[in-house]
Amino acid sequence: MTDRPGNPPQDARAPTTENWSPDSWLRLSSVAGSQYAYTDETALVRATARLAELPPLVTSWEIEKLKDQIAQAQQGRRFILQGGDCAETLTDCRPDSITNKLKILLQMSLVLIHGLRMPVTRIGRFAGQYAKPRSSPTEPGEFNGARVELPSYFGDLINRADFTPDARTPDPGLLVQGYQHAALTLNFIRSLLDGGFADLHHPEYWDLSFLQNADLSPKRKAQYEHMSRTLADGLAFMENLGEQKIEDSTRVDFYTSHEGLNLHYELAQTRRVPRRSGWYDLTTHLPWIGERTRRIDGPHVEFFRGIRNPVGVKIGPKIAGEELIRLIDTLNPHNEPGKLMLIARMGAGRVADALPPLLETVRREGRTVLWMSDPMHGNGIKTGAGIKTRSFDDILLELERTVDAHKAEGTHLGGVHFELTGEDVTECIGGAAGVGEDDLTRNYASPCDPRLNYQQSLELAFLLAGAMGRR
Ligand code: PEP
Ligand code: CO
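Here the residue numbering is sequential within each chain, running from 1 through the sequence in written order. Throughout, the order in which chains and ligands are written sets their labels, letters from A for the former and numbers from 1 for the latter. Where local features are concerned, this predicted model is filtered to residues with pLDDT of at least 70; where side-chain atom pairs are given and counted, the filter is 80 or more; whole-chain, interface and lining totals use all residues. Values shown for side chains rest on all heavy atoms present in the structure; no hydrogens or waters enter the calculation.

## Quick word on the packing of helix α3 (residues 95–116) against helix α5 (residues 173–194)
For step 1, the next point in the chain: Packing of α3 against α5 leaves a shortest axis separation of 11 Å and a crossing angle of 55°. In terms of orientation, α3 and α5 fall into the oblique class. Crossing geometry of α3 relative to α5 is assigned as right-handed. Contacts between α3 and α5 involve Pro95, Ile98, Thr99 and Leu102 on the former and, on the latter, Thr185, Phe188, Ile189 and Leu192.
For step 2, the next point in the chain: When its residues are assigned to classes, the contact of α3 with α5 shows six nonpolar, two polar and no charged. Note on geometry: axes are lines fitted to C-alpha atoms, helical ones only across the stretch in contact, with angles between N-to-C directions running from 0 to 180 degrees. The helix count covers DSSP runs of H or I at least four residues long, the strand count covers runs of E at least two residues long, and both are numbered beginning at the N terminus. Orientation is classified from the angle alone, with under 35 degrees giving roughly parallel, over 145 giving roughly antiparallel, 65 to 115 giving roughly perpendicular, and any other angle giving oblique. By convention, the crossing between two helices is left-handed when the near helix turns anticlockwise from the far helix through less than a right angle, and right-handed when the turn is clockwise. Here, two residues are considered to be in contact whenever any of their heavy atoms come within 4.5 Å of each other. Here the term charged refers only to Asp, Glu, Lys and Arg, the term nonpolar to Ala, Val, Leu, Ile, Met, Phe, Trp, Tyr, Cys and Pro, and the term polar to all other amino acids, Gly among them.

Now the structure itself:
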């Protein structure tokens with residue numbers, strides 16, 4: 001049984017979300033100043049009607065399971081690791097790139113399980129991370145020898161990156177293509193996990209060559225070596241104990257997430273399901289609202305306040321405590337555990353001032369949230385040559401200061417959110433493998449924000465585990 005959005009059936013058991021329906025955001029779409037606009041209304045109706053009849057990408061059962069795990073993390077009994085590309089692209093839907101992302105998230109999670117001594121839930125920024133918010137709706141450039149202003153590139157779910165009027169016009173057909181590529185990605189992920197991909201004992205899974213870097217201080221080197229040795233011992237011990245492989249004894253789960261920027265896409269797959277009340281957004285387990293679209297009176301908050309999925313919301317250093325409480329109460333009016341994830345992205349320079357008052361206000365007001373740290377989006381810099389990058393040291397510093405702030409406030413840091421890839425890219429500078437400014441042009445593959453590469457990601461997991469253990 002799936003009912004079409006826009007025509008909510010009356011169900012006395014449904015949680016009462018006042019004046020909400022899956023398409024109630026449509027009346028607000030002009031209030032907040034939309035990021036992009038579709039011009040071909042007929043094509044939009046055709047694409048969303050098709051999406052609404054295609055099978056869901058995830059199930060309500062999985063969504064509820066994730067919600068339970070987020071509730072555990074809120075109590076400090078679990079940790080959440082969320083990560084993946086800034087923007088997935090349709091052409092990047094390839095087996096190696098998907099496998100490498102799973103591999104690095106899996107390895108980071110093991111380092112964290114070991115260091116934090118608690119279970120870790122892995123959530124990929126994948127299988128739908130195709131829509132990107134932009135600071136400006138248009139950008140200038142050159143087309144056919146003339147300077148023109150065209151719509152910005154909003155990700156492969158909305159338009160195309162080439163700087164031509166045709167490519168940059170929002171294309172509703174991409175909604176269906178995005179769905180199809182998300183389904184292909186998810187299908188491959190599910191098969192890999194079912195087929196034993198998570199056998200952690202293959203030595204090729206662990207590339208610790210960054211330990212050989214001459215610049216690495218002897219102290220850090222000894223620390224990493226010790227952690228990876230005890231980790232390997234722990235895995236061997238568990239295997240001997242049960243005479244079985246890790247993937248047999250503890251099923252390795254991955255959840256999906258993406259920024260829910262394109263509400264037409266989310267709406268088309270938002271349904272009721274049998275034997276449950278309320279509406280589920282079945283494009284992903286965990287949609288989140290970006291920093292640029294989290295206006296309380298805007299369409300995104302309106303849409304996400306009504307669905308049953310857990311929801312993330314990014315918060316930057318400018319948000320005030322009182323605004324945050326109103327945002328929390330709008331998105332989670334019943335203070336339901338596991339429902340709301342606040343992803344703080346303050347910047348290393350701001351976090352020590354901006355985060356503690358928010359932690360204090362939310363604690364004092366008794367709101368149940370999961371505090372996450374995104375140490376990427378407040379730390380963007382440009383090199384002298386104009387290349388967008390982030391420094392490993394700033395990312396680490398924001399994490400350390402976040403850990404300190406939670407310690408001082410007596411609250412839990414329940415998870416982290418990274419932009420990363422399993423490939424050997426050179427997009428962020430620093431880390432033991434020694435990516436310098438001059439290396440950035442060697443393998444800069446992101447169409448959007450710079451990501452941590454494999455070694456930088458693994459190293460950060462070691463450092464985070466150390467910082468949380470120590471502090
Ligand atoms: C992102 O996560 O890619 C992003 C744009 O983040 P934010 O909304 O925090 O700027
Ligand atoms: Co980004």
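## Brief notes about the pairing of strand β14 (residues 415–419)
For step 1, the next point in the chain: Buried residues dominate β14, accounting for five of its five residues.
For step 2, the next point in the chain: Partly exposed residues are those whose accessible area sits between 20% and 50% of the maximum for their type, while under 20% is buried and over 50% is exposed, using a 1.4 Å probe and protein chains only. Where burial is concerned, the two faces of β14 agree: the one with Gly415, His417 and Glu419 and the one with Val416 and Phe418 are both buried.
For step 3, the next point in the chain: In short, DSSP must find at least two bridges between two strands for them to pair. Relative to β14, strand β1 (residues 79–84) runs parallel, the two being bridged by five bridges. What sits directly across from Leu81, in β14, is Val416.
For step 4, the next point in the chain: Relative to β14, strand β11 (residues 370–373) runs parallel, the two sharing two bridges. Of the residues in β14, the one forming a bridge with Met372 is Gly415.

## Considerations on the nonpolar core
For step 1, the next point in the chain: Think of a nonpolar core as a cluster: buried Ala, Val, Leu, Ile, Met, Phe, Trp, Tyr and Cys residues, connected wherever their side-chain atoms sit within 4.5 Å. With 73 residues, the main nonpolar core has Phe418 and Leu452 as its most contacted residues.
For step 2, the next point in the chain: Ranked by residue count, the leading element in this core is α3, at ten residues.
For step 3, the next point in the chain: With residues up to four places along the chain from it excluded, the contact list for Phe418 reads Leu81, Gln82, Gly83, Gly84, Met108, Arg125, Pro375, Met376, Leu399, Leu452 and Leu460.
For step 4, the next point in the chain: Within the second largest apolar cluster, 32 residues are counted, among which are Trp20, Leu324, Ala344 and Leu355.

## Concerning the sheet that holds β14
For step 1, the next point in the chain: In space, the eight strands of this closed barrel follow the order β1-β2-β5-β8-β9-β10-β11-β14, with parallel pairing throughout. On average, each strand axis in the sheet is inclined to that of its neighbour by 25°, with strand direction left out of account.
For step 2, the next point in the chain: Across four bridges, the pairing between strand β10 (residues 340–344) and β11 is parallel. The residue of β11 that forms the bridge with Leu342 is Trp371.

## Side note on the coordination of the cobalt ion (ligand 2)
For step 1, the next point in the chain: Around the cobalt ion (ligand 2), the donor atoms from the protein are Cys86 (SG), His377 (NE2), Glu419 (OE) and Asp449 (OD), and they sit 2.1 to 2.5 Å away.
For step 2, the next point in the chain: Between consecutive donor residues of the cobalt ion (ligand 2), the sequence gaps follow C-x290-H-x41-E-x29-D. Of this pair, Cys86 sits in the loop between β1 and α3 while Asp449 sits in the loop between β14 and α13 (454–470), placing them 363 residues apart in sequence. One exposure class covers both Cys86 and Asp449, and it is buried. Coordination here is defined by N, O and S atoms within 2.8 Å of the metal (3.2 Å for Na, K and Ca), and since water is not considered, a site can look incomplete.

## Quick notes on the confidence of the model for the protein
For step 1, the next point in the chain: Per-residue pLDDT for the protein averages 89, and the proportion of residues at 70 or more is 88%.
For step 2, the next point in the chain: The model gives residues 1–14 a pLDDT under 50, and that stretch makes 28 contacts with residues more than four places away or in other chains. By definition, pLDDT measures how confident the predictor is in each residue, and it falls between 0 and 100.

## Points about the site of ligand 1
For step 1, the next point in the chain: Residues are counted as near a molecule or strand when any one of their heavy atoms sits within 4 Å of it. Every residue close to ligand 1 is listed here: Cys86, Arg125, Lys132, Pro133, Trp288, Gly290, Glu291, Arg292, Lys314, Arg345, His377 and Glu419.
For step 2, the next point in the chain: We call two N or O atoms a polar contact when they sit within 3.5 Å, provided that within protein one can donate a hydrogen and the other can accept it, with sequence-adjacent residues counted only if both atoms are side-chain atoms. Lys132 places a polar side-chain atom, nitrogen or oxygen, 2.7 Å from an oxygen atom of ligand 1.
For step 3, the next point in the chain: Arg292 is positioned with one of its side-chain polar atoms (N or O) 2.9 Å from an oxygen atom of ligand 1.
For step 4, the next point in the chain: Contact with the protein chains covers 97% of the free accessible surface of ligand 1, which is 300 Å².
For step 5, the next point in the chain: Tallied by class, the residues present in the shell around ligand 1 amount to three nonpolar, two polar and seven charged. Note on areas: Shrake-Rupley, 1.4 Å probe, and residue coverage restricted to the protein chains presented here.

## Describing the side chain of Ser24
For step 1, the next point in the chain: Along the chain, Ser24 falls in the segment before α1 (41–53).
For step 2, the next point in the chain: Looking at Ser24, the relative accessible area reads 7%, which means it is buried.
For step 3, the next point in the chain: A distance of 2.9 Å separates a polar side-chain atom of Ser24 from the backbone oxygen of Ser21.
For step 4, the next point in the chain: Of note is the side chain of Ser24, whose polar atom sits 2.6 Å from the side chain of Glu302.
For step 5, the next point in the chain: Beyond its immediate sequence surroundings of up to four residues, Ser24 is in contact with Asn19 and Glu302.

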